[in-house]
Each structure stands twice: as structure tokens, then as C-alpha cells.
Amino acid sequence: MGMTMTQKILAAHAGLTTVKAGQLINADLDIVLGNDITTPVAINEFNKAGFDGVFHKEKIAIVLDHFVPNKDIKSATQSKQCREFANKYDILNFFDVGQMGIEHALLPEKGIVTAGDCVIGADSHTCTYGALGAFSTGVGSTDMAAGMATGKAWFKVPAAIKFELTGKFGPMVSGKDLILHIIGMIGVDGALYRSMEFTGPGVANLTMDDRLCICNMAIEAGAKNGIFPVDEVTRSYMKGRGSRTPVEYAADPDAEYEKTYTIDLSTLVPTVSWPHLPENTHPASEGADIAIDQVVIGSCTNGRLEDMEAAYNILNGKKVAKGVRAIIIPGTMEVYKECILRGWTTAFIDAGCIVSTPTCGPCLGGYMGVLADGERCVSTTNRNFVGRMGHTGSEVYLASPATAAASAITGHITDPRTV
Amino acid sequence: MNAKGTVFKYPDNVDTDVIIPARYLNSQDGKELASHCMEDIDLEFAKKVNEGDIMVGGWNFGCGSSREHAPLAIKCSGISCVIAKSFARIFYRNSINIGLPILECEPAADAIEAGHTVTVDFDTGVIVDETTGQQFQGEPFPAFIQEIIKAGGLMKSIRKQ
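The model shown is predicted, which means the values in this text are computed figures rather than measured ones.

Chemist: Explanation requested: the overall build of chain B in the structure shown.
Modeler: When its secondary structure is counted, chain B shows eight helices and seven strands. By principal-axis analysis of the C-alpha atoms, chain B measures approximately 45 × 45 × 25 Å. For chain B, the proportion of its 161 residues judged to be buried stands at 50%.

Structure representation (C-alpha cells):
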């Protein structure tokens with residue numbers, strides 16, 4: 001029996017010629033990642049276990065992104081702990097205010113992760129890097145601590161679900177609409193413990209920003225990872241980024257999949273997840289009666305340049321509706337600067353938006369847009385659980401940047417094709 | 001190893017944002033995290049929970065963020081075992097790594113009600129609802145994972161190697 005793309009990467013990193021679903025393996029790691037929330041807990045575990053060195057100073061990445069610039073004294077203390085650890089062990093990929101970005105926007109942009117990698121990150125959205133043809137999955141802080149010390153992690157080799165993509169998106173439809181559609185179709189545990197493998201002729205029509213967004217939300221279907229094949233889009237994205245050497249893996253023709261779904265991209269419409277689960281999907285056009293108080297455009301899901309462009313194309317020359325707060329957060333300093341150079345930041349401000357430096361802030365109800373009781377937000381983030389962005393009586397509607405921008409203008413949930 | 005306690009019962013898809021809301025993630029202190037555990041869906045939990053009590057959930061328990069603060073908050077609140085129909089994968093890993101016993105058992109999660117007294121035998125995976133007398137067989141851990149648990153968590157098991 002052949003192997004899936006995920007299984008091939010795992011086998012290679014475990015020093016095995018073949019692996020099969022369900023097998024427990026110990027794999028070598030190319031990158032171990034943490035942020036300002038999860039790294040302090042990992043550092044405590046690392047110290048408690050008595051380790052006095054990391055496995056590789058270039059293969060650990062620590063990104064301060066959740067609560068920076070620090071929102072309070074406790075957050076500042078956590079950042080300080082990360083900073084001191086990074087200094088002590090000479091961690092080369094340490095990103096502080098000024099260089100940081102939202103981790104899953106930053107690592108691909110800098111070329112720190114590449115095709116064929118085996119990556120763990122103490123952040124659930126670490127599955128993002130599957131877009132580059134890497135195996136990449138979220139873990140907890142103790143796994144991060146063990147990874148930093150040994151360069152290894154244990155995995156149960158996942159079974160796979162195949163998503164065969166055909167056709168291309170219509171206007172104003174993007175990777176976000178596809179992944180919300182899939183989660184709506186299979187549910188928040190529809191891919192539990194499995195890898196989501198995207199394939200088919202439609203893949204060539206997806207940009208890298210689309211693919212990063214799609215893999216980012218694989219976890220919202222319960223998946224261990226999401227992964228795309230390596231093609232010209234991937235190669236041209238990776239070119240000139242970082243010094244890592246990509247390794248291309250492809251699924252065997254006789255690889256086993258538990259299920260195959262075929263999706264024609266041309267049939268998709270702008271899609272929104274109603275509260276309080278990402279699987280509660282509706283066409284954006286059904287939201288005309290849902291008045292909103294806030295819009296957030298950004299995050300590890302949708303804070304990349306194409307996301308900013310989609311927002312700009314709708315907001316340029318328009319005004320945000322009275323009573324709506326529109327918060328735009330480019331995902332990295334590079335994206336932030338590019339928005340300024342292209343005049344998009346000016347257009348956002350003229351439209352009545354605020355533009356922040358990179359932070360995860362509002363996505364998890366941290367700061368920079370916390371919601372009060374009864375308030376509604378259309379957000380390009382990834383979770384709409386009870387209380388996710390603030391008060392337990394608030395509501396989050398997940399959408400693409402185009403849908404969020406269109407909704408900001410009208411003051412209610414809006415299909416971007418209508419503005 | 002055994003657990004015995006009173007049951008707190010929750011529905012499907014209990015996510016880590018309600019287990020421990022992100023507004024408290026500026027702390028790593030187990031006791032402080034425990035004082036806010038479950039508060040967004042159950043304000044009474046932190047006040048009523050006693051050492052040894054048992055949590056029962058539905059499908060996909062612990063979905064969402066990778067925060068280890070979630071199983072830590074549950075463990076530090078005194079919960080001795082979580083029984084659910086299924087667990088989200090990062091929560092499952094984290095629970096093993098920090099030494100919070102968890103068991104998958106669909107019939108038990110269906111039948112056991114809040115307030116019942118339940119005992120769990122971790123070696124055999126047998127769950128008994130003492131209130132009704134019903135007995136259930138939970139899914140025992142694979143040997144590889146049992147070794148991590150026996151060693152006292154992932155870090156200790158690595159140190160042993």
C-alpha cells in the first residue's frame with residue numbers, strides 16, 4: 001500500500017522506509033515553534049526537567065505575537081521570560097517587537113519553514129505550513145519543551161481525507177470561503193486526528209495566500225494537519241526566501257484515503273460561519289438582517305498581502321458605516337510596510353478604519369478590539385466560540401477579508417459581490 | 001490507579017476558550033487558572049468542584065487552541081479524570097504530557113449524569129457509575145503512551161531515556 005504525502009514526510013523524518021496509519025513513531029524536527037503565551041510554560045517545563053541546552057539554535061523559532069506590544073504587566077513578564085531564554089540559548093529565530101509578525105504569517109514569509117519539513121509549534125494554527133508542502137502540526141507547551149531539548153516528537157501517523165479540487169474561484173471568492181465551506185460540510189471534528197490532503201487540477205488556481213489560509217484552518221475541522229502538493233506556485237513563493245533547502249514529496253498513486261470529497265471551486269460563494277462554531281456556515285447573502293458593531297481584518301488566517309488587497313479593493317474611496325469599528329491588522333511588518341508603500345493604509349484610514357501593527361490581539365479576545373455583551377463582529381479570524389473575542393454574550397461571524405470589508409461599509413453581513 | 005468523584009457534565013465541542021478564556025493566559029499559575037476554569041459556560045464549576053471529581057464531556061472535547069493551560073486548569077481544579085466520547089487531538093496530547101488522565105468512552109459519556117458518583121480504574125479502563133450501578137469499558141491507552149504516563153509525563157519520560 002502506498003503512502004500519502006503526510007505519511008511520506010513522517011517516514012523520512014523517522015528514518016523509516018514506510019509508515020502506515022495508526023503507527024506510533026518518533027520523528028526528527030526541522031523547526032520547533034512557540035509564542036509569548038505558550039513558550040513561558042515550555043520554558044518552565046524545560047528548566048524543571050533540568051535541561052541546560054537546546055538541540056539546535058537555528059531550528060527553534062520564538063515569536064512574540066499574541067499580546068505585544070505588551071498589553072499589561074503579566075504579558076510583559078511573559079515576553080521578558082521568552083526574551084531571556086532566547087538570549088541565554090542564542091535562539092537565532094527570535095522575533096520581538098519591530099521584527100515580529102503573527103507567527104504563521106511570519107515563518108513562511110521569512111523562509112524559516114520550507115517544503116518537506118517536519119514542524120511542531122505550540123500554537124494550534126501551526127498546521128498553516130502544510131501550504132508549502134510541509135508536515136506541520138500544533139502541539140502544547142510540554143511537547144515544545146521536549147522538542148527544544150531533543151529535536152524529536154512522537155506522532156501517531158494519521159489516516160487521510162482527500163479533497164479533490166477542480167475549477168477556479170469566481171469573483172470575490174477566496175481560500176477562506178473554501179475552508180469555511182469544507183468545515184461546514186464535514187463539521188468541526190470531521191477530520192479529527194486525520195490529515196486533510198488537498199489535490200486536483202484546482203490547486204494550480206490557488207495562490208499561496210489562499211493555500212496558507214486553507215491549511216491554517218485545518219485544525220478547525222479537528223485535523224492533525226492540512227497539506228498541499230508542491231507545484232510552480234510553491235516553488236516561486238519559496239524562491240529567495242531564507243536559506244533552507246526545500247524537499248518535495250508527493251503522495252503515491254495508490255495511497256489510501258478514508259474518504260474523498262470533490263469540490264468545484266467555481267460553485268463556491270462568499271461564506272460566513274455564524275456563532276458559535278466554525279461549522280455553522282451560511283452564504284454571506286443570508287446576513288442582510290444581521291447588524292454588526294465591529295469588523296476585524298487580519299490574523300494568522302487572513303493577515304497577508306492578498307488579504308489586505310482584497311480589503312483595499314472594497315474599502316478604497318468608501319466609508320465605514322456609522323456605528324461600526326473597523327480594525328485592520330497586517331500580519332507582519334513586511335505586510336504592514338507594503339500597505340503603507342502602496343497607499344492602502346491611507347485608503348483604510350480615509351475610509352474610517354484603524355490600522356495596527358501585527359498582533360493576534362482581538363482574535364482571542366486579548367486586546368485591540370475586545371467585544372462587549374451583545375456586540376457582533378465580522379472577523380477574518382478562525383474561531384467563533386462562546387466568548388472568543390470578549391464577553392460571552394458577544395457574537396463572532398467568520399468571513400473572508402472581502403466579505404468583512406463589504407460588511408464594514410454596509411453595517412450588516414454583506415456579500416462582497418453586491419457592493 | 002483509581003479515581004472516584006462526583007460528575008460535572010458538559011456537551012459536545014467544549015473548546016479550550018471556555019475551559020480557560022484567553023483573558024487569563026497572561027498567567028501560568030495552575031491555581032489561578034483553576035479559579036477561572038469553565039467560567040464562560042459554568043460559573044459554578046470552580047466554586048463547587050472538589051478534589052477527585054470527574055468531568056464528563058461529549059464529542060471533540062478540548063477543541064480549539066493548543067493552550068496547555070486548559071488541561072492544566074482542569075487538573076489544578078482537582079479533577080481526577082475526564083471522560084468524553086472523543087477528544088480534540090492537541091488536548092489529548094497535552095493531557096498525557098502533563099499527566100491529566102483522560103478516557104474515551106461513548107456509552108459512559110451518554111449514560112452518566114451530572115452529580116452521579118463515578119469510579120474509574122485507569123489500569124483496566126473500567127468506568128462504574130456508582131449511582132446507577134452501570135459499568136462501562138473505556139478505551140485503554142496504547143503501551144507507548146502508558147509508558148509516558150507511568151514515567152510521570154513526557155519530560156520525565158525523556159529524562160529517563
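That shown, we press on.
Chemist: Looking at this model, I keep getting lost on the pairing of strand S14 (residues 294-298) of chain A. Mind explaining?
Modeler: Within a regular strand, side chains alternate between the sheet's two faces. Residue and element names in this part refer to chain A. Burial analysis of S14 places five of its five residues in the buried class, the great majority of the element. Covered by surrounding structure in S14 are Gln294, Val296 and Gly298 together with Val295 and Ile297, the residues of both alternating faces. By the bridge criterion, five bridges tie S14 to strand S15 (residues 325-329) in an arrangement that is parallel. Counted as the bridge partner of Val296 is Ile327 from S15. Summarising the sheet, S14 and strand S17 (residues 376-379) pair through three bridges and their orientation is parallel. Bridge pairing in S17 places Gln294 opposite Cys377.

Chemist: Got a minute to help me understand the pairing of strand S7 (residues 134-137) of chain B in this structure?
Modeler: The pairing of strand S6 (residues 126-129) of chain B with S7(B) spans four bridges and is antiparallel. The residue of S7(B) that forms the bridge with Val126(B) is Gln137(B).

Chemist: For this particular structure, what's the right way to read the environment of Arg211(A)?
Modeler: Residues and elements named next belong to chain A. Here Arg211 lies in helix H7 (residues 208-216). Here the alpha-carbon distance between Arg211 and Met3, two residues 208 residues apart in the chain, equals 22 Å. In contact with Arg211, not counting residues within four places along its chain, are Ala131, Gly175, Leu206 and Phe228.

Chemist: Honestly, the sheet that holds S7(B) in this entry has me stumped. Any pointers?
Modeler: What links the strands of a sheet is backbone hydrogen bonding, and the strands pair in either a parallel or an antiparallel sense. Residues and elements named next belong to chain B. If you walk across this open sheet you meet the seven strands as S4-S3-S2-S1-S5-S6-S7, and the pairing is mixed. On the outer flanks of this sheet lie strand S4 (102-104) and S7, each paired with one strand and no other. For this sheet the average axis-to-axis angle between neighbouring strands, irrespective of direction, equals 25°.

Chemist: Looking at this structure, I do not really get the sheet that holds strand S10 (residues 225-227) of chain A. What am I missing?
Modeler: Residue and element names in this part refer to chain A. Pairing is parallel in the open sheet, where four strands are placed in the order S10-S9-S8-S11. Each end of this open sheet is capped by a strand with a single partner; those strands are S10 and strand S11 (259-264). Looking at each pair of strands side by side, their axes are set apart by 20° on average, direction ignored.

Chemist: Is there a simple way to explain the packing of helix H10 (residues 305-315) of chain A against helix H13 (residues 401-410) of chain A in this structure?
Modeler: The angle between the axes and the distance between the axes are what describe a pair of packed helices. Residue and element names in this part refer to chain A. Contact geometry for H10 and H13: axes closest at 8 Å, N-to-C directions at 30°. Accordingly, the angle class assigned to the pair H10 and H13 is roughly parallel. H13 is crossed by H10, and the crossing has right-handed handedness. Between H10, through Asp307, Ala310, Ala311, Ile314 and Leu315, and H13, the contact on the second element is made entirely by Pro401, Ala402, Ala405, Ala406, Ala408 and Ile409. Partitioning the contact of H10 with H13 into residue classes produces 10 nonpolar, no polar and one charged.

Chemist: Is there a simple way to think about the environment of Ile83(B) in this case?
Modeler: All names here are of chain B. By the element assignment, Ile83 lies in strand S3 (residues 81-84). By C-beta crowding, Ile83 is classed as buried, having 26 other C-beta atoms within 10 Å. Considering only alpha carbons, one finds Ile83 and Gly138, 55 residues apart in sequence, at a separation of 8.5 Å. The contact partners of Ile83, leaving out residues within four places of it in the chain, are Ile54, Val56, Leu103, Cys105, Ala108, Ala109, Ile127 and Gly138.

Chemist: Would you mind showing me how to read the nonpolar core here?
Modeler: In this structure, Leu10(A), Val119(A), Val295(A), Ala405(A), Val82(B) and Ile83(B) are the most contacted members of the largest nonpolar core, which totals 190 residues. Shared between two domains, this core holds at least three residues of each, these being domain 1 (5-237 + 256-263) and domain 2 (273-418) of chain A.

Chemist: I'm lost on the interface of chain A and chain B in this one. Help?
Modeler: Frequently, the measure chosen for interface size is the accessible area removed from exposure when the parts meet. On the chain B side, the residues contacting the 43 residues of chain A number 35 residues. The set of elements that each furnish at least two residues to the side of chain A that touches chain B consists of helix H2 (39-48), helix H3 (73-88) and helix H5 (141-150) of chain A. Counting residues per element, the side of chain A that touches chain B draws most heavily on H5(A), at seven residues. Partitioning the side of chain A that touches chain B into residue classes produces 18 nonpolar, 15 polar and 10 charged.

Chemist: Whenever I open this one, the domain arrangement of chain A confuses me. Can you help?
Modeler: All names here are of chain A. Taken as a whole, chain A is organised into domain 1 (5-237 + 256-263) and domain 2 (273-418). Placing a centre on the C-alpha atoms of domain 1 and another on those of domain 2 gives a separation of 24 Å. Counting residues at the interface gives 34 residues for domain 1 and 32 residues for domain 2. For the side of domain 1 that touches domain 2, the secondary structure elements donating two or more residues are helix H4 (103-110), helix H6 (175-186) and H7. Looking at the side of domain 1 that touches domain 2 element by element, the count peaks at six residues for H6.

Chemist: Would you mind going over the packing of H10(A) against helix H12 (residues 344-351) of chain A with me for this structure?
Modeler: Residues and elements named next belong to chain A. Relative to each other, H10 and H12 sit at 50°, their axes nearing to 10 Å. In this view, H10 runs oblique relative to H12, as classed from their interaxial angle. Both H10 and H12 take part in a crossing whose hand is left-handed. Residue-level inspection shows Met308, Tyr312 and Leu315 of H10 in contact with H12, the latter providing Trp344, Ala347, Phe348 and Ala351. In terms of residue class, the contact of H10 with H12 is made up of seven nonpolar, no polar and no charged.

Chemist: In this structure, what is going on with H5(A)? I would like to understand it.
Modeler: Given 3.6 residues per turn, any residue in an α-helix points the same way as the ones three and four places further on. Residues and elements named next belong to chain A. For H5, a buried count of nine out of 10 residues is recorded, marking the element as mostly surrounded by other parts of the structure. Those residues of H5 lying buried are Ser141, Thr142, Asp143, Met144, Ala145, Ala146, Gly147, Met148 and Ala149. The positive-phi residue at the C-terminal boundary of H5 is Gly151, with phi of around 75°.

Chemist: Hey, could you run me through unusual backbone geometry in this one?
Modeler: A negative phi angle is the norm for most residues apart from glycine, just as the trans form is the norm for most peptide bonds. Residues and elements named next belong to chain A. For the bond from Val68 to Pro69, the omega torsion is -10°, close enough to zero to count as cis. The residue Pro69 is located in the loop between strand S3 (60-63) and H3 in this model. Cis geometry marks the peptide bond from Pro275 to His276; its omega dihedral reads 0°. Along the chain, the position of His276 falls in the loop between strand S12 (271-273) and strand S13 (281-283). Even without being a glycine, Tyr193 presents a positive backbone phi close to 65°. Mapped onto the elements, Tyr193 comes out in the loop between H6 and strand S9 (195-199).

Chemist: Is there a simple way to think about helix H1 (residues 5-13) of chain A in this case?
Modeler: All names here are of chain A. The element H1 is largely enclosed, with a buried count of eight among its nine residues. Within H1, the full set of buried residues consists of Met5, Thr6, Gln7, Lys8, Ile9, Leu10, Ala11 and His13. Gly15 lies just past H1 and shows a positive phi near 70°.

What counts and how
- Residues numbered from 1 in each chain as written.
- Chains lettered and ligands numbered in written order.
- Predicted model: local features only at pLDDT ≥ 70, side-chain atom pairs only at ≥ 80, totals over all residues.
- Helix = DSSP H or I, 4+ residues; strand = E, 2+ residues; numbered from the N terminus.
- Buried ≥ 20, exposed ≤ 12 C-beta atoms within 10 Å, placed from the backbone.
- Pairing = 2+ DSSP bridges.
- Contact = placed C-beta atoms within 7 Å.
- Axes fitted to C-alpha atoms, helices over the stretch in contact; angles between N-to-C directions.
- Parallel < 35°, antiparallel > 145°, perpendicular 65-115°, else oblique.
- Left-handed = near helix turned anticlockwise from the far one by under 90°.
- Nonpolar A, V, L, I, M, F, W, Y, C, P; charged D, E, K, R; others polar.
- Core = buried A, V, L, I, M, F, W, Y, C linked by C-beta atoms within 7 Å.
- Domains from an automatic or database assignment.

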